[in-house]
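Each chain is listed here by its residues.
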Amino acid sequence: MSDAKPAHKRILLKLSGEALMGDDAFGINHATIKRMVDEVAEITRLGVEVAVVIGGGNIFRGVAGGSVGMDRATADYMGMLATVMNALALADTMNKAGLTARVMSAIGIEQVVEPYVRPKALQYLEEGKVVIFAAGTGNPFFTTDTAAALRGAVIGAEVVLKATKVDGVYTADPKKDPAATRYTRLSFDEAMNKNLGIMDATAFALCRDQKLPIKVFSIFKHGALKRVVMGEDEGTLVYA
């Protein structure tokens, strides 16, 4: 097993902002973010190139809560700024853990983080640095799922890893239906026909058109990220 090579050389990891909360009601839980970084560090040591897109729901939920009655575009820009805060926290934790992380923002805030420039992002990945893409796509009305699909496609990632609270896609809600079973593999067409809601429609269509597989797995399950990149039976693969 020690001679096994990763199944993927370059990945795009999609983290939700909520994943950073741990058991807290909002914000960033230090123990949770450190544990996630330890999992990322483990796969970088295997030679896997890692890019991350992070959400902002732990700070600002966009179309819900504090944004009620707010202009949608304004709420979305606030959500983008929340992702920058999360990206900075993630990069800081990574750098303290011995990784080298770079944050690239889709909106210009050069005093804080560098702008997203594709050739620079590719250079960082080839140098073994972790690249964290912040501020979504830089446009309102697009989710961070869409940002993950877009960035995954443009950097030539082999797979988009969607980290969730559930260890894959199930036939029904496993919390409500004890008979629910996990799909190991699904085609994009099957996932659409079953209306499984794996990603928002724009992100899903982009991955399907670019033949960019999506792997849904639990970021809260210890060692799951490593098992995914090693090609083991973990989570659910959605493929073209």
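Residues numbered from 1 in each chain as written. Predicted model: local features only at pLDDT ≥ 70, side-chain atom pairs only at ≥ 80, totals over all residues. Heavy atoms only, no water.

Colleague: Which residues make up the packing of aromatic side chains, and what values do they have?
Modeller: The relation between two aromatic rings is expressed through the spacing of the ring centres and the mutual angle of the planes. If you walk through the whole model with that rule in mind, you get 2 aromatic pairs. Consider the rings of Tyr 116 and Phe 133, whose centres lie 5.5 Å apart with planes at 85°: the pair is edge-to-face. With Tyr 116 in the loop between strand 4 (114-115) and helix 3 (118-126) and Phe 133 in strand 5 (residues 130-134), this residue pair connects regions lying 17 residues apart in the sequence. One Lys or Arg, Arg 151, reaches over the ring of Phe 133 and ends 5.8 Å from the middle of that ring. The ring of Tyr 239 carries the charged tip of Arg 185 above its face, separated from the ring centre by 4.5 Å. (Phe/Tyr/Trp six-rings, centres within 6.5 Å; stacked < 30°, edge-to-face > 60°. Helix = DSSP H or I, 4+ residues; strand = E, 2+ residues; numbered from the N terminus. Lys NZ or Arg CZ within 6 Å of the ring centre and 35° of its normal.)

Colleague: I'd like to hear about the layout of surface pockets, residue by residue, with values.
Modeller: Its boundaries defined by the atoms lining it, the largest pocket holds a volume of some 650 Å³. If you trace the largest pocket, you find 33 residues lining it, with Gly 55, Gly 56, Gly 57, Thr 143 and Thr 144 closest to the centre. The set of elements that each furnish at least two residues to the lining of the largest pocket consists of helix 2 (72-96), helix 4 (144-154) and strand 6 (159-164). If one sorts the elements of the lining of the largest pocket by residue count, helix 2 sits on top with 6 residues. Split into classes, the residues belonging to the lining of the largest pocket amount to 10 nonpolar, 14 polar and 9 charged. (1 Å grid on protein atoms, 1.4 Å probe; cavity = no way out; pocket = protein on both sides within 12 Å on 5 of 7 lines; lining within 4 Å. Points joined across faces, edges and corners; volume = space filled by probe spheres on them. Nonpolar A, V, L, I, M, F, W, Y, C, P; charged D, E, K, R; others polar.)

Colleague: So what's going on with the pairing of strand 2 (residues 49-54)? Residues and values would help.
Modeller: Buried residues dominate strand 2, accounting for 6 of its 6 residues. Taking every second residue as pointing to the same face, both faces of strand 2 are buried, with Glu 49, Ala 51 and Val 53 on one and Val 50, Val 52 and Ile 54 on the other. With 6 bridges connecting them, strand 1 (residues 10-15) and strand 2 associate as parallel partners. If you follow Leu 13 over to strand 2, its bridge partner there is Val 52. Two elements, strand 2 and strand 5, share 3 bridges in a ladder whose sense is parallel. Residue pairing in the sheet places Ala 51 in a bridge with Val 131 of strand 5. (Buried < 20%, exposed > 50% of the residue type's maximum accessible area, 1.4 Å probe, protein only. Pairing = 2+ DSSP bridges.)

Colleague: Which residues make up helix 1 (residues 30-44), and what are the values?
Modeller: Relative to the 21 Å expected for 15 residues at 1.5 Å per residue, helix 1 spans 21 Å between its end C-alpha atoms, a close match to the ideal helical length. Listed as buried for helix 1 are Thr 32, Ile 33, Met 36, Val 37, Glu 39, Val 40, Ala 41, Ile 43 and Thr 44. Check the buried side of helix 1 and you find it contacts strand 1, strand 2, helix 2, strand 5 and helix 7 (224-229). Its side-chain oxygen at 3.1 Å from the backbone nitrogen of Ala 31, Asn 29 defines the N-terminal cap of helix 1. (Expected span 1.5 Å × (residues − 1). Contact = heavy atoms within 4.5 Å. Polar contact = N/O pair within 3.5 Å; in protein donor to acceptor, adjacent residues only side chain to side chain.)

Colleague: How would you sum up the nonpolar core? Please name residues and give values.
Modeller: By size, the foremost hydrophobic cluster in this structure holds 40 residues, and its most contacted members are Leu 13, Leu 15, Leu 90, Met 94, Ile 132, Leu 161 and Phe 217. Secondary-structure elements contributing two or more residues to this core are strand 1, helix 1, strand 2, helix 2, strand 3 (101-105), strand 5, strand 6 and helix 7. With residues near it in sequence (within four places) discarded, Leu 161 still touches Ile 11, Leu 12, Leu 13, Lys 14, Lys 215, Phe 217, Leu 225, Val 228 and Val 229. Counting residues in hydrophobic clusters, the runner-up holds 30 residues, among them Ala 191, Met 199, Phe 204 and Val 216. (Core = buried A, V, L, I, M, F, W, Y, C linked by side-chain atoms within 4.5 Å.)

Colleague: Could you give an account of the side chain of Asn 86, with specific residues and numbers?
Modeller: Along the chain, the position of Asn 86 falls in helix 2. Here Asn 86 falls in the buried class, since its relative accessible area comes to 0%. The residues contacting Asn 86, other than those within four sequence positions of it, are Gly 17, Leu 20, Ile 28, Ile 54, Gly 55, Gly 56, Asn 58 and Ile 59.

Colleague: Account for unusual backbone geometry, naming residues and giving values.
Modeller: With phi around 75°, Phe 141 is a residue other than glycine that occupies positive phi space. Checked against the element boundaries, Phe 141 lands in the loop between strand 5 and helix 4. Judged by relative accessible area, which is 52%, Phe 141 ranks as exposed. For Asn 195, which is not a glycine, the phi torsion comes out positive at approximately 55°. Within the secondary structure, Asn 195 is located in the loop between helix 5 (188-193) and helix 6 (201-209).

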